[in-house]
Amino acid sequence: LIVDQSKPRDRPQPNYVAISKTVLPGPNIYWTLCCIRYVEVSGDVEWLSLMLPKFEKALQYLVRMIDKESGLVYATGPLFIDVFVREGFTTDTNAGTVFSLRKFAEVCDELGRHEEAAELRATADRMSDAMNKMLWAK
C-alpha cells in the first residue's frame, strides 16, 4: 500500500453521505469491511480484484488521518457508524480502523503481498497500543 502523504484537504475529495444524509469526512469503514466479508464468504476473487483500488484508496485515506503524536485517527466526523461522539479521537473510528487494517492485511496475504500485509499489521498494532493508552478507562 503506497500512501499519498499529502493531506486530504489539499486535493479535491468526493462527498461521502450516510443514509441519514449526514456528510461523512471520508469513506465508510463499515462498507469496506462488508465488502471484504462478501469476498470471504463468496470467494469472488474477480470482484475483489475490481474493487481493490477502491479499498486501497479508502485505506490510504484512513492512514493519512492517523495523528503522528497520538498514533490515533482524528476524524472530523463519523467514519464507522453514526454515533453521538462524531469527531476527534473516537473509539469506534479507531477500533474500526484497526480491524480494517488487519482485514486488509489478510487480503494482501491472499494476494501474495506479504510485505504490505506486515506493514498494515504493524500500523494496526501501534494504533491498538495507542487506543489502550488514550481511549481505555480503568
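On a predicted model such as this, the values are computed, not experimentally measured, just so you know. (Residues numbered from 1 in each chain as written. Predicted model: local features only at pLDDT ≥ 70, side-chain atom pairs only at ≥ 80, totals over all residues. Heavy atoms only, no water.)

> Honestly, the side chain of Glu116 in this entry has me stumped. Any pointers?
When you line up the elements, Glu116 lands in helix α4 (residues 114-134). A relative accessible area of 13% means that Glu116 is categorised as buried. At 2.7 Å, the side chain of Glu116 and the side chain of Arg113 are in polar contact. (Helix = DSSP H or I, 4+ residues; strand = E, 2+ residues; numbered from the N terminus. Buried < 20%, exposed > 50% of the residue type's maximum accessible area, 1.4 Å probe, protein only. Polar contact = N/O pair within 3.5 Å; in protein donor to acceptor, adjacent residues only side chain to side chain.)

> I keep staring at helix α3 (residues 91-110) and nothing clicks. Help me out?
Along an α-helix, a turn takes 3.6 residues, which lines up residues three or four apart on a common side. Helix length check: α3, at 20 residues, gives a terminal C-alpha distance of 29 Å against a target of 28 Å (1.5 Å per residue), a fit within 8%. Looking at the residues trailing α3, positive phi occurs at Gly112, about 80 degrees. (Expected span 1.5 Å × (residues − 1).)

> What am I meant to see in the pattern of salt bridges here?
Opposite charge on two side chains lets them pair, provided their charged atoms get close. Summed over all chains, the structure comprises seven salt bridges. With a shortest N-O distance of 2.4 Å, Arg113 and Glu56 are connected by a salt bridge. Here Arg113, found in the loop between α3 and α4, pairs with Glu56, found in helix α2 (residues 45-64); they are 57 residues apart in sequence, far enough to count as distant. Of the charged contacts in the structure, one is a salt bridge between Asp109 and Arg121, with a shortest N-O distance of 2.7 Å. Remark: Arg121 occurs in helix α4 and Asp109 occurs in helix α3; sequence separation between them is 12 residues. With relative accessibility at 25%, the residue Asp109 sits in the partly exposed group. Salt bridges sharing common partners tie together Arg37, Glu40, Lys103 and Glu106. (Salt bridge = Lys/Arg side-chain N within 4 Å of Asp/Glu carboxyl O.)

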